[in-house]
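Residues per chain, in single letters:
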Amino acid sequence: MTDAATVSHVFDVDQQAFEADVLQASLTTPVLVDFWATWCEPCKTLGPMLEKLAAEYNGAFRLGKVDVDTQQELAGMFGIRSIPTVVLVKDGQVLDGFTGVLPEGQLREFLSRHVQPLEAPAETAEEEAVQETPEQAINRLQQAIATGPDQPGLKLDLALALMHAGRIAAAEAELAALPANLATDARAVRLRSELDLAHALKDAPSLAELQQRVQADASDWAARDQLGVRLLLEGDADAGLEQFLLILQQARDWNDGQAKKRLLAAFATLDDAELVGRYRRRMASLLF
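Numbering of residues begins from 1 in every chain and follows the order in which that chain's sequence is written. At least 70 in pLDDT is required for a residue's local features to be given in this predicted model, at least 80 for side-chain atom pairs to be given and counted, and no such filter applies to totals for whole chains, interfaces and linings, which use all residues. To get the side-chain values, take all heavy atoms of the structure and skip hydrogens and water.

Let us now look at the sheet that holds strand β3 (residues 62-67). Two strands qualify as a pair provided DSSP detects at least 2 bridges between them. Labels follow the DSSP assignment, with helices taken as runs of H or I lasting at least four residues and strands as runs of E lasting at least two, numbered in each case from the N terminus. The five strands lie next to each other as β1-β3-β2-β4-β5, forming an open sheet whose pairing is mixed. The open sheet is flanked by β1 (10-12) and β5 (93-99), the only strands paired with a single partner. On average, adjacent strands in this sheet sit at an angle of 25° to one another, irrespective of strand direction. Summarising the sheet, strand β2 (residues 31-36) and β3 pair through six bridges and their orientation is parallel. In the strand pairing of β3, Val 33 is matched with Gly 64. Those strands touched by helix α5 (residues 104-112) are β2, β4 (85-90) and β5, and its axis lies near 165° from that of β5. A fitted line through C-alpha atoms represents every axis, and for helices the fit uses only the stretch in contact; the resulting angles, taken between N-to-C directions, go from 0 to 180 degrees. The contact definition used throughout considers only heavy atoms, calling two residues in contact when any of these lie within 4.5 Å.

So, on to unusual backbone geometry. Of note, the bond from Ile 83 into Pro 84 is cis; its omega dihedral lies within 30 degrees of zero at 0°. Relative to the helices and strands, Pro 84 resides in the loop between α4 (72-77) and β4. The backbone of Asn 58 sits at a positive phi, close to 55°, despite the residue not being glycine. The phi torsion at Asn 255 lies on the positive side, around 50°, for a residue other than glycine. Any residue under 20% of the maximum accessible area for its type is buried, any over 50% is exposed, and the rest in between are partly exposed; the area is computed with a 1.4 Å probe on protein chains only. With a relative accessible area of 44%, Asn 255 lands in the partly exposed category.

To continue, consider the environment of Gln 131. You can see Gln 131 is positioned in the loop between α6 (125-129) and α7 (134-147). Take Gln 131: its relative accessible area is 47%, and that puts it in the partly exposed class. Measuring from C-alpha to C-alpha, the distance between Gln 131 and Ala 237 comes to 26 Å, with 106 residues separating the pair along the chain.

See the structure below:
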């Protein structure tokens with residue numbers, strides 16, 4: 001996501017241009033209006049998250065910023081009593097809104113009720129070639145946090161980057177240090193599940209060795225459990241989930257119900273809704 005992309009979807013709103021830039025513009029593209037002020041500490045948390053989402057949605061909505069100190073009449077029109085306050089204008093009407101800072105997961109849920117992200121233009125080969133490595137992302141985020149420590153969302157980004165780089169202990173430390181409003185963010189929940197699965201492979205044998213152990217003893221539940229995790233994390237989700245289901249079917253109570261826990265953690269990390277739904281149903285049929 002480039003700075004230019006973010007700026008193109010974010011603009012300042014004033015009284016004179018409100019009719020054209022918000023009401024009229026919302027007839028074709030929804031406008032999210034953020035009422036904020038420079039002295040408002042919660043605004044400093046919410047604002048960057050909204051701008052990030054505006055860039056991510058790639059023009060599905062535009063973000064209008066209203067400084068309530070300089071645009072008091074405009075704030076009065078909306079009856080703004082506390083900030084930050086956010087309203088969604090669509091088809092010339094206020095459709096929805098909220099007051100205060102929401103975790104990113106709830107912001108995404110709010111937006112998903114009204115708009116869907118647009119696909120970004122395909123990257124050129126040159127752009128793909130200069131994509132960040134995990135270590136470059138870590139360095140960039142650490143520098144950003146040093147210069148802007150009042151943006152907790154960056155710390156979640158750093159935890160994710162550390163996980164992608166295989167630095168599990170560091171990712172866990174950053175995750176544990178997140179403020180309460182981000183600890184329940186959808187990305188934090190997913191990262192927690194990924195870390196739980198990664199721990200299962202600490203000092204684990206290779207994929208080939210685990211497969212040999214399971215072939216030699218089909219009831220070697222510890223080997224089958226690690227095999228399922230390794231298959232899952234190495235990209236063969238179907239095969240990995242099958243291992244957990246087999247344990248659930250034949251040794252439901254093994255290791256304090258480990259198979260069910262593995263399945264739930266796996267569901268939280270997978271993006272394939274159809275796959276997750278299919279295995280959820282199979283899990284339910286074994287449990288109930």
